[in-house]
Structures are given as structure tokens and as C-alpha cells.
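# Observations on the model geometry
Here is what each chain is made of, one letter per residue.
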Amino acid sequence: MQAVQYDAYGATPDLVDIPAPDCPADGVLVEVRATGVCRSDWHAWQGHDPVSLPHVPGHEFAGVITIVGPRVTTRRVGERVTVPFVCGCGRCAYCAAGDAQVCPDQSQPGFTQPGSFADLVAVPAADLNVVPLPDDLDFVTAASLGCRFATSYRALTAHGRVRPGEWVAVHGCGGVACRR
Ligand SMILES: [Zn+2]
Ligand SMILES: [Zn+2]
């Protein structure tokens, strides 16, 4: 498959042919139809957030399931899906409570494993992490949901506790503040 990969921190990424990832027994392979570029990708590329090299970045994506692992019960080939930035293990109390972002056994495509700047990306624990998309939600919009949208949504609702009709000020309009 084709992928965008860099061999060293700060080096110009190359378009390369590499083997497709294996499908985890509890996961799926997703054919990437849209992927975002996040400030977190830049931090990994710069070496601020270390990754193993060579590395394929990308964690904000949407696509179509092409392979389903034998232990997956809820997903099927052909589904249009997206995933959150942080993939939980699917087995611990944090994951069961809906807090996979603090799962102690978490993984992130584009950080702990090859990411979505590629034709295919492997997603572990698919019954927890893979989110089906409504038919009328396009791939580009869906690719923004798992990282930048969820980050700003939780900041406003869980931490800021804003209510309809309230005004907010947004400082530093990066990818999180400017959804697309
Ligand atoms: Zn991101
Ligand atoms: Zn977990």
C-alpha cells in the first residue's frame, strides 16, 4: 500500500510503498477515505512526542472497513466508520465507563502504531473504538470528529459546562477551535 512516512524527526516525509498492516484479532482494517493533519502530528514529527521510526503519521480519519478480525462481534466489512484519537483496550474499567482516553492500555494510530496517512490503517479493539457513520455524513467531516471535535466538545461541555445561549471566547484558534 502507499503511505506517507518519515525516517527521522523533522525529515521531509516521503510517499512510499510499504506492506499493509495486519488486522488485529480484535480489530479491523480501515481503508482511509479522509484524514486530517493535526498539531499532534507535528509534535510527533518534531520528536516532542516520541514515535518509533520510520513512522506513518495520522490519527484523524474516516473510511471503510475492509477486514474484520475474528474476535470482533459488532462491525462488518463495508461499514463507513471513524475512530477516536485514543483507542482504548476495551477490557478495563475506564473503557467500560466511556473514558477510553485515560485507558492505561491505550493505543493511537499515528503514534503507538502506523497511522492514517496511508491506504489502510489497523484499529484495535474495534467493538469499542470503531464508530459507524450515518449515511449522510461525508468522510471529510467525519475525519474531524474523533480528535479535534471531541477535544473542543469535552472542553466546552464537561469542563466549561457551557449552556445554550451562553457566549464563549476562543483563544488560539488552531485545529481544535476551527473544526475544518
Ligand atoms: Zn488530532
Ligand atoms: Zn481500557
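Now for a quick tour of the structure.

Thresholds, definitions, all that
Residues numbered from 1 in each chain as written. Chains lettered and ligands numbered in written order. Predicted model: local features only at pLDDT ≥ 70, side-chain atom pairs only at ≥ 80, totals over all residues. Heavy atoms only, no water. Donors = N, O, S within 2.8 Å, 3.2 Å for Na, K, Ca; no water. Tetrahedral: all angles 85-135°; square planar, octahedral: opposite > 155°, others 65-115°. Helix = DSSP H or I, 4+ residues; strand = E, 2+ residues; numbered from the N terminus. Buried < 20%, exposed > 50% of the residue type's maximum accessible area, 1.4 Å probe, protein only. Salt bridge = Lys/Arg side-chain N within 4 Å of Asp/Glu carboxyl O. Core = buried A, V, L, I, M, F, W, Y, C linked by side-chain atoms within 4.5 Å. Contact = heavy atoms within 4.5 Å.

## Notes on the coordination of the zinc ion (ligand 1)
- The coordination sphere of the zinc ion (ligand 1), as far as protein atoms go, consists of Cys38 (SG), His59 (NE2), Glu60 (OE) and Cys147 (SG), spread over 2.1 to 2.3 Å.
- Viewed at the metal, the four donor atoms of the zinc ion (ligand 1) are separated by angles of 92 to 127 degrees, and the geometry they form is tetrahedral.
- Counting residues between consecutive donors of the zinc ion (ligand 1) along the chain gives the motif C-x20-H-E-x86-C. With Cys38 in the loop between β3 (28-35) and α1 (39-46) and Cys147 in helix α5 (residues 145-159), the pair connects residues that are 109 residues apart, well separated along the chain. Comparing Cys38 with Cys147 shows no difference in burial state: the two are buried.

## Thoughts on the coordination of the zinc ion (ligand 2)
- Of the protein atoms, only Cys89 (SG), Cys92 (SG), Cys95 (SG) and Cys103 (SG) coordinate the zinc ion (ligand 2), at distances of 2.3 to 2.4 Å.
- Coordination geometry of the zinc ion (ligand 2): the four donor atoms subtend angles of 102 to 116 degrees at the metal centre, consistent with an arrangement described as tetrahedral.

## Digging into unusual backbone geometry
- The linkage connecting Leu53 with the following residue, Pro54, adopts the cis geometry, with an omega of -5 degrees.
- For Pro54, the location among the structural elements is in the loop between α1 and β4 (61-68).
- Within the chain, Ala125 stands out as a residue other than glycine whose phi angle is a positive 45 degrees.
- Its place among the elements puts Ala125 in the loop between β6 (120-123) and α3 (126-129).
- In this structure, Arg161 takes a positive phi of about 50 degrees despite not being glycine.
- Of note, Arg161 is situated in the segment after α5.
- You can call Arg161 exposed: its relative accessible area is 63%.

## A closer look at the pattern of salt bridges
- Taken as a whole and assessed by the stated rule, the structure comprises five salt bridges.
- With a closest N to O distance of 2.8 Å, Glu79 and Arg75 form a salt bridge.
- Looking at Arg75, the relative accessible area reads 16%, which means it is buried.
- With its nearest N and O atoms 3.0 Å apart, the salt bridge here joins Arg91 to Asp105.

## Focus: the nonpolar core
- Core analysis: the largest hydrophobic core is formed by 13 residues, its most contacted members being Val28, Val30, Phe61, Ile65, Val123 and Val130.
- If you list the elements that add at least two residues to this core, you get β3, β4 and β6.
- With three residues, the single largest contributor to this core is β3.
- Residues within four places of Val28 in sequence aside, it is in contact with Cys23, Ile65, Ile67, Val68, Arg75, Val121, Ala122, Val123, Ala126 and Val130.
- Grouped together as the second largest cluster of nonpolar side chains are eight residues, Val64, Leu137, Ala142 and Ala143 included.

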